[in-house]
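The primary structure of each chain is shown beneath.
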Amino acid sequence: MDTEAKHTEHDPSHGPDAGESSEGSSHPVGAEGTPQAAADSDPDGDVGVGAGAGPSSWARFAAFSWRRAALLTVALISVVLLFSHFVAQPFQIPSGSMTPTLRPGDRVLANKLAYRFGAEPQRGDVIVFDGRGSFVREDLEENPVSAAARGVLTAIGLADPTDTDYVKRVVGVGGDRVVCCDKGGRVQVNGTAVDEDYLHPGDTASEVAFDIVVPEGTLWVMGDHRSDSSDSRDHLGSPGGGMVPVEKVVGRADWIIWPVGHWTSVEQTSAFGRVPDSSSSHGPTSDRAAAPAGSGRPGGIDG
């Protein structure tokens, strides 16, 4: 007889534990800490998110996910709004008045820090400004609710700016005398002719002669596509005389951010490098076509 086999057969250590089910389950029915006990303690079937989870678990998990997504969205929009208000704001170019520098459909980022700490726009800067009071009537109003909604959507780049926002190049700053044109067809600033290499091919500096002195605290602005730009020249007879107050400047257009193929920085020009300070010369300019001060041309098509 195989005594080892008999010993094993009668070894109580290999027998079923007390309370073991007849089916040979390794866990007592209803024993504490077992899946069955967990199920009994949760009549709704709420064991956890995973296999076998009940409907209430999924509902709580979904609600938590939506709350987290909503909080993240609000936080992201808040960051974008703060960035847009204090640092840089996107604007869409609606017309061809600034070609070839900026093309219709381009989105530019206006750098608000460029003039934030006492600095002011310089000759040659491409700026975004609010034209109310200079290019359009100051009393233009919009429904406060729709204006607020548009402001938020514009700040995050999901809506176009209002029709009162303009993008132009600064040609004269406070105190400058700007004259057009000399015998070479060029603009003169403080008696110095400016070679504007950024002009649209085939354009002249201006088809209309003018001779103005820019008041302090204002700017004389013009589009790079002179024959397709409604700018300071068109508003010489307006109350503001075509001048843009410095405080109406939103920022300097420093980058093209859309479309992807146009990603680049807006190149700074050296065309005004030889122009003297306005205090050095306000006498008569030579070598220019005679023109009455404050003459202008009919309204242009720039938006």
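Residues numbered from 1 in each chain as written. Predicted model: local features only at pLDDT ≥ 70, side-chain atom pairs only at ≥ 80, totals over all residues. Heavy atoms only, no water.

(A) Summary view of the packing of aromatic side chains. Enumeration according to the criterion identifies four aromatic pairs in this entry. Between Phe135 and Tyr166, the ring centres sit 5.0 Å apart and the planes meet at 70°, which makes this aromatic pair edge-to-face. Here Phe135 is found in the loop between β3 (126-130) and α4 (144-155), whereas its partner Tyr166 is found in strand β4 (residues 165-172), with 31 residues between them in sequence. On the accessibility criterion, Phe135 (7% relative accessible area) is buried. The class for Tyr166 is buried, based on a relative accessible area of 8%. Where Phe210 meets Trp220, the ring centres are 5.0 Å apart and the plane angle is 40°; that geometry is what we call tilted. Taken together, the positions of Phe210 in strand β8 (residues 210-213) and Trp220 in strand β9 (residues 218-222) put the pair 10 residues apart, joining distant regions of the chain. This pair shows no difference in class: Phe210 is buried, exactly as Trp220 is. (Phe/Tyr/Trp six-rings, centres within 6.5 Å; stacked < 30°, edge-to-face > 60°. Helix = DSSP H or I, 4+ residues; strand = E, 2+ residues; numbered from the N terminus. Buried < 20%, exposed > 50% of the residue type's maximum accessible area, 1.4 Å probe, protein only.)

(B) Inspection of the state of the cysteines at higher detail. Summed over all chains, the structure comprises one disulfide. Note that Cys180 is cross-linked by a disulfide to Cys181, the S-S spacing being 1.7 Å. Overall, Cys180 belongs to the buried group, its relative accessible area being 0%. Residue classification places Cys181 among the buried positions, given a relative accessible area of 10%. (Disulfide = S-S within 2.5 Å.)

(C) Representation of the nonpolar core within the structure. Counting 20 residues, the largest nonpolar core has Val171, Val178, Val189, Phe210, Ile212, Trp220 and Phe272 as its most contacted members. With residues up to four places along the chain from it excluded, the contact list for Val171 reads Arg123, Val178, Val187, Val189, Glu196, Trp220, Val221, Met222, Arg226 and Phe272. Ile127, Phe129, Tyr166 and Val170 belong to the second-largest nonpolar core, a separate cluster that totals 13 residues. (Core = buried A, V, L, I, M, F, W, Y, C linked by side-chain atoms within 4.5 Å. Contact = heavy atoms within 4.5 Å.)

(D) Fine view of the pattern of salt bridges. Under the defined criterion, the tally for this structure stands at nine salt bridges. In this structure, Asp182 engages Arg186 in a salt bridge whose closest nitrogen and oxygen atoms are separated by 3.2 Å. The class of Arg186 is partly exposed, set by a relative accessible area of 29%. Counted as one network, the salt bridges with shared partners bring together Asp182, Arg186 and Asp195. (Salt bridge = Lys/Arg side-chain N within 4 Å of Asp/Glu carboxyl O.)

(E) Representation of the pairing of strand β5 (residues 177-180) within the structure. Here β5 shows two buried faces, one formed by Arg177 and Val179 and the other by Val178 and Cys180. Bridge count between β5 and β8: four bridges; the pairing is antiparallel. Looking at the pairing, Arg177 lines up with Val213 of β8. Where β5 and strand β6 (residues 187-189) come together, three bridges link them in antiparallel fashion. For Cys180, the partnering residue across the bridge sits in β6 and is Val187. What sits between the antiparallel neighbours β5 and β6 is a turn of six residues, in which Gly185 has the positive phi angle 75°. (Pairing = 2+ DSSP bridges.)

(F) How the structure looks around the sheet that holds β8. The strand order β7-β6-β5-β8 describes an open sheet built from four strands, whose pairing is antiparallel. The open sheet is flanked by β7 (192-194) and β8, the only strands paired with a single partner. Direction aside, the axes of adjacent strands within the sheet are offset by 20° on average. (Axes fitted to C-alpha atoms, helices over the stretch in contact; angles between N-to-C directions.)

(G) How the structure looks around the pairing of β3. β3 sits mainly inside the fold: five of its five residues count as buried. Burial along β3 is two-sided: the residues Val126, Val128 and Asp130 and Ile127 and Phe129 are all buried. As paired elements, β3 and β4 share five bridges and run antiparallel to each other. Considered in β4, the bridge of Val128 is made with Val167.

(H) The arrangement of a nonpolar patch on the surface in detail. On the surface, Trp255, Ile257, Trp258, Val260 and Trp263 cluster together into a nonpolar patch covering about 540 Å² of accessible area. Positionally, Ile257 belongs in strand β11 (residues 249-258). (Patch = residues over 30% accessible without salt bridge, like charges linked within 9 Å, V, L, I, M, F, W, Y side chains within 5 Å. Areas by Shrake-Rupley, 256 points an atom, 1.4 Å probe, with all protein chains shown as cover.)

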